[in-house]
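Each chain, written out:
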Amino acid sequence: MMSKNEESINIKQSPFIRKLSIVFMFLGVLTLLGSFLLEDSQKTAASYLVPFVYFLFLSLGALFFLSVQYVTGAVWSVNLRRMMESMTAYLPLSVLLLVPLVYYGQYLYEWFHPSHVENDPILMGKTAYLNVPFFLIRLAVFFAGWLFFYKKFIKLSHSQDKDGQLQWMEKLTRYSVGFLLFFALSFSFLSVDLLMSLDAHWFSTIFGVYTFAGAFQSALAGMILLTIYMIPRSKGRITKDHLHDLGKFLMGITLFWAYIAFSQYMLIWYANLPEETTFFIPRSKEPWMWVSIALIVFKFAVPFICLLPRWVKRNYVAVSVMSILILIMQYVDIYWLVYPSVSEEVLRWDLLDLGFFIGFLGLFLYSIFKFFSKYPALPLKDPMEQKSTDHHVTY
C-alpha cells in the first residue's frame, strides 16, 4: 500500500484558466504589435517595461525563497515547495520577452545614444558600465544563470520524487548556496540596469535592496494565494498553519520594505545633494506625490497593521485581500519607479498599460498551471514530508 507521502496529487489545468490565459496572451500580443504603430514610443516603452519587471521580480522572488528553504534545511515548507517552483516556471518564457525590451531601450535610456553621452559629462563618466554591448552581455549572463539554477532545482527536486534519496537534497542545498550568491549580485545589477539607469544621473547605494524587498514581498503574496488555492486539494498536507507562517513572513518583509524605503529617502533628504535629490523631487510634487503617499499607506501601513492579529493570517478572505493589495501596490511601486524618470508630467494609466499587463499576466498564469499539469503538486517520497504535514503554529 502506498504511504501518504507517496500519493501523487496532480492539479489539472482548469479549462477556464487555460482559455483565459490564452485570451490574455493574445491580447498582449495584439498590444505589442499595435504599439509599433503608435507615435509616443517613450510611453509605449515604459508601458512594456513595468509589467516585464513586475512578473520577472515575482518569479525571481519565488526562486529566492525556494533556495532559502534548502539552505536553512526548513522542514515546515516542504509541502509548499511545488508552489514556489511553479512561480519560477515563468522564467524560461521571460527570455523571449527580452527582445522587445532591448528594442524599447532606445526610447528609455539616454545612455543608449552615443550623441547624448558625448554631451553629458556624468554619462561620459559611466560609459564603462552603461553601454549597450555590456548591457546585453549582463542580461545574457543574468538570465543564463537564473535558468541554469532553475533547471537544476526542478530536475533535482523531481529526481527525489522517484527514489526519495537524501543525495538530491544535499545537491539542492549546494546549488542553493551558489544561487543565493549569484542572485545577490545579479538582481542588484539588474535593478540598476532596468530601473535606476532610467535616470542615469541619479544613484542610490541601497536601490537593489529596495527592489529586492518589493520583489520578495510580492512573491510571498502570490504564494499565499496559491496556498489558499491548494489547501482544499492537498488532502490535508497543506494547512492553515502553513498559511499562518507565510502570513508572518509577509508581515515581516512588509516592515523590511518600509525600513529600506525610509532609509533611502531619509539619507538622501538629510544629505540634500543635488545629484541625489533628483529622484525624489518629482515624486514629492503633484501628481506623483499622491502615488508616493499611497505606497506608504497601502504597501506598508495597511498590510502591516492588518496582518498583526493571528486570526487574519489564518483567515482565507482576510489574508487574500492583504495579498492582493500588496500585489497591486507592487505594480504601483514599479510604475512609480519608471514613469517619473520618463516624464515628470505624465500620470496616466491607459489601454496600452492594461494590454501589456494582461498579456504578461496570461503568460504567468499559463506557466504556473502548465507546471502543475506536468509535475505532482506536492513532493513525493520526501523524508521530511510528514513533519511538514504535522507542522503546527502556536503563536
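See the structure printed just above.
Because the structure is a prediction, the values reported are computed rather than measured.

So, how was this worked out
Residues numbered from 1 in each chain as written. Predicted model: local features only at pLDDT ≥ 70, side-chain atom pairs only at ≥ 80, totals over all residues. Heavy atoms only, no water. Patch = residues over 30% accessible without salt bridge, like charges linked within 9 Å, V, L, I, M, F, W, Y side chains within 5 Å. Areas by Shrake-Rupley, 256 points an atom, 1.4 Å probe, with all protein chains shown as cover. Salt bridge = Lys/Arg side-chain N within 4 Å of Asp/Glu carboxyl O. Lys, Arg positive; Asp, Glu negative; His and termini not counted. Charge placed at Lys NZ, Arg CZ, Asp CG, Glu CD. Helix = DSSP H or I, 4+ residues; strand = E, 2+ residues; numbered from the N terminus. Axes fitted to C-alpha atoms, helices over the stretch in contact; angles between N-to-C directions. Parallel < 35°, antiparallel > 145°, perpendicular 65-115°, else oblique. Left-handed = near helix turned anticlockwise from the far one by under 90°. Contact = heavy atoms within 4.5 Å. Nonpolar A, V, L, I, M, F, W, Y, C, P; charged D, E, K, R; others polar. Expected span 1.5 Å × (residues − 1). Buried < 20%, exposed > 50% of the residue type's maximum accessible area, 1.4 Å probe, protein only. Polar contact = N/O pair within 3.5 Å; in protein donor to acceptor, adjacent residues only side chain to side chain.

**Section: a positive patch on the surface**
Next, step 1: Taken together, Arg-18, Lys-19, Lys-151, Lys-370 and Lys-374 make up a surface patch of like positive charges.
Next, step 2: For Lys-374, the position within the fold is in helix H17 (residues 351-374).

**Describing the packing of helix H14 (residues 288-307) against helix H16 (residues 316-342)**
Next, step 1: Viewed as axis vectors pointing N to C, H14 and H16 meet at an angle of 155°, and their least axial separation amounts to 10 Å. In terms of axis orientation, H14 runs roughly antiparallel to H16. As H14 runs across H16, the sense of the crossing is left-handed. Contacts between H14 and H16 involve Trp-288, Val-291, Ser-292, Ala-294, Leu-295, Phe-298, Lys-299, Val-302, Pro-303, Cys-306 and Leu-307 on the former and, on the latter, Val-319, Met-322, Leu-325, Ile-326, Met-329, Gln-330, Val-332, Asp-333, Tyr-335, Trp-336, Tyr-339 and Pro-340.
Next, step 2: Within the contact of H14 with H16, the residues separate by chemical class into 19 nonpolar, two polar and two charged.

**Brief notes about H16**
Next, step 1: For H16, which comprises 27 residues, the first-to-last C-alpha distance of 39 Å matches the rise-based estimate of 39 Å (1.5 Å per residue) to within 8%.
Next, step 2: Of all 27 residues making up H16, 20 are buried, and the element is well covered by its neighbours.
Next, step 3: N-capping of H16 is provided by Asn-315, with a side-chain oxygen placed 3.1 Å from the backbone N of Val-317.

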